[in-house]
Amino acid sequence: MMVGVHPLAGFDKLLHYKVPESVSDPIVVGSLVRVPIMNSFHLGIVGEIGAPKNFPLDKLKPIAQVLYPFPALPPDLLELARWMSSYYAAGLDSIIETMLPAAVRNGIGLKQDKYLSVVKRPSPEEYAALEKRAPQQVKLLRFLEQQFRPQKKSLVLARLGLTAAVSSALVKRGLVHEELRRVERIAYDDDVESGELVASQPHVLNAEQAAAVATVTAELAREKFGVSLLHGITGSGKTEVYLRAIDTALKSGGGVVFLVPEVALTPQTVARLRSRLEAIAPGHRCVVWHSHLSEGERLDGWLALATGEARVVVGARSAIFAPVRNLRLIVVDEEHEPAYKQDETPRYHGRDVAVMRAKLSQAICLLGSATPSLESFANAQAGKYQLIELRQRVDSRKLPHIDIVDLRIEALKQRTMPSLSRKLLDAMHARLERREQTILFINRRGYSSAMLCTKCGHTEECAHCSIAMTYHRADEMLRCHLCGDQKPAPLRCPKCGAPEIRWKGLGTQRVEETVRRMLPKARIERMDTDTMSKKNRFREVLSQFRAGKIDILIGTQMIGKGLDFPNVTLVGLIDADISMHIPDFRANERTFQLLVQVAGRAGRGDRAGEVVVQTFTPQAEAIQFSRHADYGGFAAAELKIRKDFNYPPYRHLIHHLFRGPNPEKLKFFAEQWAKLIEKELGDRVELRGPSASPIEKIKDEYRWQLWYFTNSVTKVVPEIARLRADFAWPDDITQVIDVDPVNLM
Ligand SMILES: [Zn+2]
Ligand SMILES: [Zn+2]
């Protein structure tokens with residue numbers, strides 16, 4: 001027998017081998033094997049069975065080893081890897097390496113331990129006799145009889161205070177069975193703080209939820225590929241719809257992937273999901289998959305899924321590659337989250353890959369969000385996705401009241417640049433008196449890169465691209481990093497003449513200082529990536545907050561996602577403008593999403609919530625539509641702008657970054673390359689640039705970039721990849737291609 005193997009050896013080729021007699025494990029497409037290349041051994045995935053005609057068979061080398069007796073990449077995943085390789089211009093070997101956890105590739109040993117279980121129950125007479133002679137054996141036997149599963153020997157003996165001689169005696173009597181079993185290292189299993197377990201009982205559905213469940217159930221019954229977009233306002237009970245859909249898929253014998261953004265994978269969410277999912281499918285366990293797993297935990301989870309022992313996985317982005325068998329349903333919660341995009345090679349988007357995997361497996365993909373990405377919403381409008389809407393909050397709770405504070409007026413009143421408006425301070429004060437809690441959000445991304453006039457709210461935008469221009473301090477220039485247009489940075493606001501256009505923004509620390517000064521009695525905690533470097537610290541603070549030991553929590557978006565704090569009745573957004581004026585055509589979309597998600601944090605219990613949004617540009621559409629969480633209104637307005645500028649979702653955008661130590665050389669080659677693309681692909685792509693990146697230099701490497709707009713990624717990217725491979729790049733220039741980037745910074 002001959003096989004073609006994709007080796008994981010840093011190149012992208014199919015090599016052929018023969019299968020020697022000594023290999024007894026079955027070899028199929030997707031098997032993980034070890035093969036000789038030159039003078040060393042490499043891992044590889046079997047890509048095809050057989051060899052080309054007229055192949056010199058006698059020259060073939062033999063496969064050295066088959067690592068698992070089942071395909072490490074089931075057919076749908078191998079097919080997905082091929083699609084990703086072509087779509088994202090990444091080597092197939094790098095995709096396969098991303099799909100297979102390191103622990104699986106390294107083949108680290110399976111942890112085994114001795115387990116005990118009862119094989120035969122003695123009669124009452126025998127029991128009585130044994131009781132007299134060996135009471136300790138009876139103690140162990142009675143304990144084991146009460147267990148449903150085999151028990152770990154060392155743990156049981158320690159717990160009952162018995163020696164190994166006792167269990168050996170029972171084994172000898174033929175009453176107890178001792179076996180070696182794989183130890184399951186279950187992520188977060190020992191991690192749930194007591195008293196924080198959330199009820200795992202199914203809730204009663206309201207009419208809208210029931211209709212949504214019925215729609216998804218009908219989709220599942222068709223056993224064909226389909227995508228549904230579940231657009232439900234915050235608090236409308238989307239999770240319950242997901243769980244019912246998962247229930248249906250599991251009961252029909254199918255497998256399920258449930259994706260959530262990494263930040264939402266707190267021990268509480270995991271515990272709640274797992275207990276519900278395991279209640280749905282008794283005897284099956286729910287595998288948890290995220291970046292903090294140990295190698296052992298990851299391997300165990302992977303094995304459980306690959307062998308069919310477990311059929312459901314909940315996890316962050318990379319869980320989309322879990323080897324779930326007979327995949328029926330993929331749920332992508334918070335599908336609009338940019339965190340689904342991987343920002344290193346291969347630069348894939350978890351949501352888009354989920355849709356493609358569902359297609360290859362003829363499964364259903366259920367995307368859910370309170371603020372769907374405009375890409376998904378446009379697909380729903382075009383009839384490609386089925387739109388399911390939840391317009392009511394469960395228990396008909398009210399959406400919080402949103403107050404917009406105009407910081408321009410506040411600046412005049414306070415005669416200084418305010419970090420906290422009077423309105424927000426008063427509201428915080430009232431919460432303190434009523435012993436309710438406050439969350440203050442600060443969004444720091446992309447701070448001083450845009451110019452914002454704090455007098456009139458004006459920002460400098462590119463006339464051609466409708467995105468904020470980037471301020472380059474080094475040479476005092478404003479540049480558009482899409483088209484490269486530039487002009488000197490103004491000293492005064494071009495609209496109102498005020499010098500306040502050089503506003504630098506507010507930092508978390510400064511806000512914290514102000515809050516401490518103004519509300520000295522409040523218990524305050526700050527939570528951002530600087531203070532939360534430790535995972536445990538993050539959980540500790542959340543746990544204290546939930547227990548009511550903190551009055552005011554200040555932080556970045558990381559505190560917003562997937563967390564329920566019933567006692568939070570006030571949410572303040574310190575500076576809504578920051579996300580609105582980042583140089584990105586998605587700036588408005590991000591701001592709207594942020595505002596709606598943040599507002600959804602207030603008043604989740606039985607108390608009404610209040611949201612205070614501070615901004616220099618209260619008239620902006622993202623802010624006005626968010627006041628009533630009017631997603632439809634916002635989407636219509638924003639999609640019109642996207643259409644006018646022919647931005648995604650109407651076309652695809654591809655980013656090409658060039659890096660090198662010599663700026664002149666870099667510029668020269670980027671321009672030569674752009675000329676080549678113009679000549680070869682000019683009919684299929686629109687180029688912008690090349691131009692210097694917004695951050696021109698990182699670690700002594702200069703950066704240039706080029707943007708491609710296109711209607712069809714699949715007609716363009718493979719061509720770009722081919723031209724790139726043939727182009728005479730100097731050794732000191734590296735480049736990165738990012739298809740459908742979510743972040744233009
Ligand atoms: Zn101005
Ligand atoms: Zn421009």
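See above for the structure.
Residues numbered from 1 in each chain as written. Chains lettered and ligands numbered in written order. Predicted model: local features only at pLDDT ≥ 70, side-chain atom pairs only at ≥ 80, totals over all residues. Heavy atoms only, no water.

### A word on the coordination of the zinc ion (ligand 1)
And then number 1: Protein coordination at the zinc ion (ligand 1) comes from Cys-453 (SG), Cys-456 (SG), Cys-493 (SG) and Cys-496 (SG), with a distance range of 2.3 to 2.4 Å.
And then number 2: Each of the four donor atoms bound to the zinc ion (ligand 1) contributes to angles spanning 105 to 112°, and the resulting shape is tetrahedral.
And then number 3: Along the chain, the residues donating to the zinc ion (ligand 1) fall in the pattern C-x2-C-x36-C-x2-C. Take Cys-453 and Cys-456: they sit in the same class, and that class is buried. (Donors = N, O, S within 2.8 Å, 3.2 Å for Na, K, Ca; no water. Tetrahedral: all angles 85-135°; square planar, octahedral: opposite > 155°, others 65-115°. Buried < 20%, exposed > 50% of the residue type's maximum accessible area, 1.4 Å probe, protein only.)

### Things to note about the pattern of salt bridges
And then number 1: Tallied over the entire structure, the rule returns 35 salt bridges.
And then number 2: When the shortest N-O distance is used, the salt bridge between Asp-644 and Lys-640 registers 3.1 Å. Residue Asp-644 and its partner Lys-640 are located together in helix α21 (residues 631–645), separated by four residues, close to a single helical turn. Take Asp-644 and Lys-640: they sit in the same class, and that class is exposed.
And then number 3: Ionic pairing is found between Arg-722 and Glu-719, a salt bridge with its closest N-O pair at 3.1 Å. Residue Arg-722 and its partner Glu-719 are both found in helix α23 (residues 713–726); the two are separated by three residues, about one turn of the helix.
And then number 4: One salt-bridge network, in which partners are shared between bridges, spans Arg-431, Arg-434, Glu-436 and Glu-610. (Salt bridge = Lys/Arg side-chain N within 4 Å of Asp/Glu carboxyl O. Helix = DSSP H or I, 4+ residues; strand = E, 2+ residues; numbered from the N terminus.)

### Section: unusual backbone geometry
And then number 1: Across the junction of Pro-648 and Pro-649, the peptide omega takes the value 10°, indicating a cis bond.
And then number 2: Along the chain, the position of Pro-649 falls in the loop between α21 and β26 (652–660).
And then number 3: Of the consecutive residues Gly-689 and Pro-690, the connecting peptide bond is found in the cis state with omega at 5°.
And then number 4: Residue Glu-223 is not a glycine yet carries a positive backbone phi of 55°.
And then number 5: Within the fold, Glu-223 resides in the loop between α8 (207–222) and β10 (226–232).

### Here we look at helix α11 (residues 295–306)
And then number 1: Along its 12 residues, α11 runs 16 Å from first to last C-alpha, staying within 8% of the 16 Å computed at 1.5 Å per residue.
And then number 2: Across the 12 residues of α11, 10 count as buried, placing the element largely inside the fold.
And then number 3: Along α11, the residues classified as buried are Gly-296, Arg-298, Leu-299, Asp-300, Gly-301, Trp-302, Leu-303, Ala-304, Leu-305 and Ala-306.
And then number 4: The positive-phi residue at the C-terminal boundary of α11 is Gly-308, with phi of around 85°. (Expected span 1.5 Å × (residues − 1).)

### Description of the coordination of the zinc ion (ligand 2)
And then number 1: At the metal site, the zinc ion (ligand 2) is ligated by Cys-462 (SG), Cys-465 (SG), Cys-480 (SG) and Cys-483 (SG), and these contacts range over 2.3 Å.
And then number 2: Taken in sequence order, the residues that donate to the zinc ion (ligand 2) follow the motif C-x2-C-x14-C-x2-C. Of the two residues, Cys-462 is situated in the loop between β18 (437–441) and β19 (470–472) and Cys-480 in the loop between β20 (477–479) and β21 (486–488); the sequence distance between them amounts to 18 residues. Of the two residues, Cys-462 and Cys-480, both sit in the buried class.

### As for the packing of aromatic side chains
And then number 1: Under the criterion given, the structure shown has 19 aromatic pairs.
And then number 2: Each ring, one from Tyr-242 and one from Phe-258, has its centre 5.6 Å from the other, and the planes form 70°; the classification is edge-to-face. Here Phe-258 lies in strand β11 (residues 255–259) and Tyr-242 lies in helix α9 (residues 238–251), a separation of 16 residues in the sequence.
And then number 3: We classify Tyr-242 as buried; its relative accessible area is 0%.
And then number 4: Classification of Phe-258 as buried rests on a relative accessible area of 1%.
And then number 5: Ring centres of Phe-377 and Tyr-631 lie 5.0 Å apart, and the angle between their planes is 85°; this geometry places the pair in the edge-to-face category. One end of the pair, Phe-377, is in helix α13 (residues 374–381); the other, Tyr-631, is in helix α21, with 254 residues separating them in the sequence.
And then number 6: Classification of Tyr-631 by relative accessible area gives buried; the value is 4%.
And then number 7: One aromatic cluster in this structure is built from Phe-377, Phe-592, Tyr-631 and Phe-634.
And then number 8: Over the face of the ring belonging to Tyr-127 we find Arg-142, whose NZ or CZ atom lies 4.0 Å from the ring centre.
And then number 9: Here the basic side chain of Arg-298 rests over the ring of Trp-289, its NZ or CZ set 5.9 Å away from the ring centre. (Phe/Tyr/Trp six-rings, centres within 6.5 Å; stacked < 30°, edge-to-face > 60°. Lys NZ or Arg CZ within 6 Å of the ring centre and 35° of its normal.)

### Points about the pairing of strand β14 (residues 327–333)
And then number 1: Most of β14 sits inside the fold, with seven of its seven residues counted as buried.
And then number 2: Where β11 lies against β14, five bridges are found, and the strand directions are parallel. Looking at β14, one finds that Val-256 is bridged to Leu-329.
And then number 3: In terms of handedness, the path from β14 via helix α12 (residues 350–361) over to strand β15 (residues 364–369) forms a crossover that is right-handed. (Pairing = 2+ DSSP bridges. Right-handed = clockwise from strand over helix to strand, strands pointing away.)

### Quick word on the side chain of Ser-691
And then number 1: Structurally, the position occupied by Ser-691 is in strand β27 (residues 685–698).
And then number 2: Among residues more than four places away in sequence, those in contact with Ser-691 are His-481, Gly-484, Trp-704 and Gln-705. (Contact = heavy atoms within 4.5 Å.)

### Thoughts on the sheet that holds strand β23 (residues 552–555)
And then number 1: An order of β17-β25-β24-β18-β23-β22 is seen for the six strands of this open sheet, with the pairing classed as parallel. In the strand order of this sheet, the two ends are held by β17 (401–406) and β22 (524–527), each with one partner. In this sheet, adjacent strand axes meet at a mean angle of 15° when their direction is disregarded.
And then number 2: In this sheet, strand β24 (residues 568–573) lies alongside β18 in parallel orientation, the contact comprising five bridges. Residue pairing across strands places Leu-440 opposite Gly-572, the latter belonging to β24.
And then number 3: Lying on the sheet, helix α15 (residues 422–433) is in contact with β17, β18, β23, β24 and β25 (610–615); it crosses β24 at an angle near 160°.
And then number 4: Its contacts with the sheet put helix α19 (residues 587–599) on β17, β18, β24 and β25, and the angle it makes with β24 is roughly 160°. (Axes fitted to C-alpha atoms, helices over the stretch in contact; angles between N-to-C directions.)

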